[in-house]
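Structural overview for review
Each chain is listed here by its residues.
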Amino acid sequence: MDDDADTPNITPRNTSETLRRAIGERYLTYALSTIMHRALPDARDGLKPVHRRILYAMRRLRLSSTGGFLKSAKISGDTMGDFHPHGDAAIYDAMARLAQDFTIRYPLVDGQGNFGNIDGDNPAASRYTEARMTVMSEALIEGLDENSVDFRPNYDGRLMEPIVLPASYPNLLANGSSGIAVGMATNIPPHNIGELINACLHLIKSPNAVDDTLMQYVPGPDFPTGGVIVEPADNIAQAYRTGRGSIRLRAKWHVEDLGRGTWQIVVTEIPYQVQKSKLVERLAELIQTKKVPILADVRDESAEDVRMVLEPKSRGVDPDTLMAMLFRNSDLEIRFSLNMNVLIDGVTPKVCSLKEVLRAFLDFRREVLIRRAKHRMAKIDNRLEVLEGLIVAFLNLDRVIDIIRYDDDPKAALMYEDWSKPHQATIVRANDETDYVSPLAGIDVRTLDLREDPEAIARGVLADDGTDAKVPARFVGRSEGLSDVQAEAILNMRLRSLRRLEELELVNERDALMAERADLEDLLDSDELQWARISEELKDVKKKFGKGLERGARLTAFAEATEAEEVPIEAMIEREPITVVCSQMGWIRAMKGHIDLNSELKFKDGDGPRFTFHAETTDRLLVFASTGRFYTVSAASLPGGRGMGEPLRLMVDLPNEAEIIDIFIHLPGRKLLVASDAGDGFVVPEDEVIAQTRSGKQVLNVRAPARARVCRAVSGDHVAVVGDNRKVLVFALDELPEMGRGKGVRLQKYKDGGLSDARTFTLAEGLSWLDPAGRTRTETDLEEWIGKRASAGRMAPRGFPRDNRFT
């Protein structure tokens, strides 16, 4: 057997490494890819790769803002196939967002068809919609052909794509951005482009300007849906300085007078990124649950614009109070979290201040300006070279025509004079009075053998060693031979260009290009001229896209947050008498008026009455469950008495296994005795059991199998307790502690069973209960049953109810 038979066959693909290292390296790669290529925008053009690729693909498809539309499926398909190898649905969703004027401040895509709406409806399928670029997106791409940015190969190396777009305006802040990466996120609100350019111009004049000074030009975000910013200016300034913060944004509303003292509130602008349909549903829910009892109805009368109508419960309602309650309980007011986490130079993620973001854009614009200037200079140099050749051709027109007409290789003849052998030549008088020779076939002016001419060597026609030489052709007006580019341009020149006027146009063009080149040289040599040119470009952009553009003026207003005075809900509810009815199965309702408590009521099959009492719509009801938890329910929010009511468990978060121990009206200042069937209990102030949420408030702590059993109002000076064993114990009330929450102390001692009932009473008035005949019996001589708390007690008096309950 081979000695290496047991050695594993290790190939380059078969490697081993620790799981921690393998997962760590791969997750780091994924995290970096997410941060740089998906979630965070570039500070220079404000775009993520998918948006940049969509716009570049639309440019390649020649979808200009003044041209025709093209199917969105074609655009997303080309983007996916050529530049962005991800799902077409994701690409189309990204493109649709760029076309939504309620999502993006300055849309970059002009959509035709259903691209979604502010209600939250999705766009139509890509095969049904069409799109093209807008003037805003064209401004982002302007100068792309002038070597203004670097290109890189696409994902498969077939094509080249721009790393960043030239961006003639600060798109990052103009349209904002949001995204979630690995370990970091970004959320940048949109701003007004005119204000941003004003800040840029100030930053150019004063590079050391602070963020607070820039806020004089950019007071805050400008959301596409309008609204009113009510965040204090100091908080906004702090957010712009640090790159992190939050901004309160409210809906815009006004009171519409309906005559005869009636009015309604009309909401015309809603906060950014709030879906109108869900907002209307939330307001309707507030009406149904009566959390805002002074709101009677909400209607959505929106067409192209937003119009939500809010009707008050009565004309006496204060509009500011109503809106303050709606601001607290709905998305009519939101907090927009600002987190300006961006990629600086497309590589480094950083949370930037307002100044840093604008500085990054301005530095990028300077780089674009320099690259475009150098590219233009190269173009001018190439054109000047061609123009010089064409002008030489005009000065030597007859000779050039003869060369093109008779020479076997006219291009070479225009560039070089090849004296490889003696032949006929012509002596031509130049402007500098020197003679030079040039071959012109067919013209016999003077014949000479250049090999026998000693002057030919002196003129450089032949080399010093007497070998043949090729020297540049000489023309009138040019001391050097024509270049390859010039010769090619002369040969491609049309005959109609030989007009005298054309020669003048060439000279004028040359002079203009020379002047332009001189200006470009001055521009590249002067920082001051560069910033002046950038300022001019920004002013042109402001003039084009500022207030003169549709939606160019500021949409979001500023105001101080006028907080309405806190008014108890009970004060807003119309006070009316009701009768609360709760069945054995927990179905609750409110009958209008105070009806006879002994009257027959309808219940579901197998159900019957349990709690029935008189109340008013302004009352708050306390519900005590067997879990020891209290719940608070507004009497005004109870369903009407026409039907069977609604399950109480749906109105509060009451578990299915929990039993309702008691329901009663809350009386401020009252105290309650709570106890479990394990015999533990205490006294709790009723004001401390009020719950502010549906989940209730835990007061009496019980551990299974023990359950809460008693909840009674405290009145008197003694406590009477009876157990399942029919033993009664009476002790002083001051032996019970007053607590806000807990298990309590032992009320009575049991060998078998547990606590059945407990109540408080005044010892001097005696202890009362109902005997089996339904008559009230009062026992005043209680010496036999009086003892210390936690005692066993003695058997109940004769005639005590068999259910071991006092009432």
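Note on numbering: residues in each chain are counted from 1, in written sequence order. The model is predicted, so local features are restricted to residues of pLDDT at least 70 and side-chain atom pairs to those at 80 or more, both for listing and for counting; the totals for chains, interfaces and linings are taken over all residues. Working from all heavy atoms in the structure, the side-chain values ignore hydrogens and water.

In the nomenclature of an unreviewed UniProt entry, the protein chain corresponds to DNA topoisomerase 4 subunit A from the organism Maliponia aquimaris. In its Subunit (unreviewed entry) section, the UniProt record describing the protein chain reads: "Heterotetramer composed of ParC and ParE." UniProt positions are given in the numbering used here, feature names are shortened, and annotations may be inferred rather than shown by experiment. Quoted verbatim from the Subcellular location (unreviewed entry) heading of the UniProt record, the comment on the protein chain is "Cell membrane".

For helices the rule is a DSSP run of H or I covering at least 4 residues; for strands it is a run of E covering at least 2, with both sets numbered from the N terminus onward. Within the protein chain, the secondary structure is distributed over 20 helices and 39 strands. Here's how the labels work: a residue is buried when its accessible area is under 20% of the maximum for its type, exposed when over 50%, partly exposed in between, all with a 1.4 Å probe on protein chains only. Among the 807 residues that make up the protein chain, the fraction classed as buried is 46%. For the protein chain, the share of sequence-separated contacts (at least 6 apart) that also reach a separation of at least 24 residues comes to 68%. Of the accessible surface of the protein chain, which amounts to about 41,400 Å², a share of 49% is contributed by carbon and sulfur atoms. Should any heavy atoms of two residues lie within 4.5 Å, those residues are considered in contact. For the accessible areas, the method is Shrake-Rupley and the probe is 1.4 Å, while residue cover comes only from the protein chains on display.

It is worth spelling out the pattern of salt bridges at this point. Counted as salt bridges are all cases of a side-chain nitrogen of Lys or Arg within 4 Å of a carboxyl oxygen of Asp or Glu. Evaluated as defined, the whole model comprises 48 salt bridges. Note that Arg52 and Asp45 form a salt bridge whose closest N and O atoms lie 2.8 Å from each other. The same class applies to Arg52 and to Asp45, which are both buried. Across the pair Glu301 and Arg299 runs a salt bridge, and its minimum N-O distance is 3.1 Å. The class for Glu301 is partly exposed, based on a relative accessible area of 36%.

Strand-to-strand pairing in sheets goes through backbone hydrogen bonds, with the strands running parallel or antiparallel. Strand order in this open sheet of 3 strands is β1-β3-β2, and the pairing throughout is antiparallel. What marks the edges here is a single partner per strand, and that holds for β1 (70-71) and β2 (109-112). Here the axes come from fitting lines to C-alpha atoms, over the contacting stretch only for helices, and the angles between their N-to-C directions go from 0 to 180 degrees. Across the sheet, helix α2 (residues 49-60) touches β2 and β3 (130-133), and the angle it forms with β3 is around 90°. We call two strands paired when DSSP finds no fewer than two bridges between them.

Now for the packing of helix α7 (residues 193-205) against helix α18 (residues 527-545). Orientation of α7 relative to α18, taken along the N-to-C sense of each, is 165°, at an axis distance of 10 Å. Taken together, the axes of α7 and α18 lie roughly antiparallel to each other. The handedness of the crossing between α7 and α18 comes out as left-handed. Two secondary-structure elements touch here, α7 through Ile193, Gly194, Ile197, Asn198, Cys200, Leu201 and Ile204 and α18 through Trp531, Ile534, Ser535, Leu538, Lys539, Val541, Lys542 and Phe545. The residue inventory of the contact of α7 with α18, partitioned by class, reads 10 nonpolar, 3 polar and 2 charged. Orientation categories follow fixed angle ranges, with anything under 35 degrees roughly parallel, anything over 145 roughly antiparallel, 65 to 115 roughly perpendicular, and all other angles oblique. Throughout, a crossing is termed right-handed when the near helix is turned clockwise from the far one, and left-handed when it is turned anticlockwise from it by less than a right angle. Classes in brief: Ala, Val, Leu, Ile, Met, Phe, Trp, Tyr, Cys and Pro nonpolar; Asp, Glu, Lys and Arg charged; the others, Gly included, polar.

Note that Asn341 resides in strand β15 (residues 341-344). Here Asn341 falls in the buried class, since its relative accessible area comes to 4%. As a C-alpha pair, Asn341 and Leu40 span 301 residues in sequence and 7.2 Å in three-dimensional space. Apart from the residues within four sequence positions on either side, Asn341 is in contact with Leu40, Pro41, Met184, Ala185, Thr186, Pro349, Lys350 and Val351.

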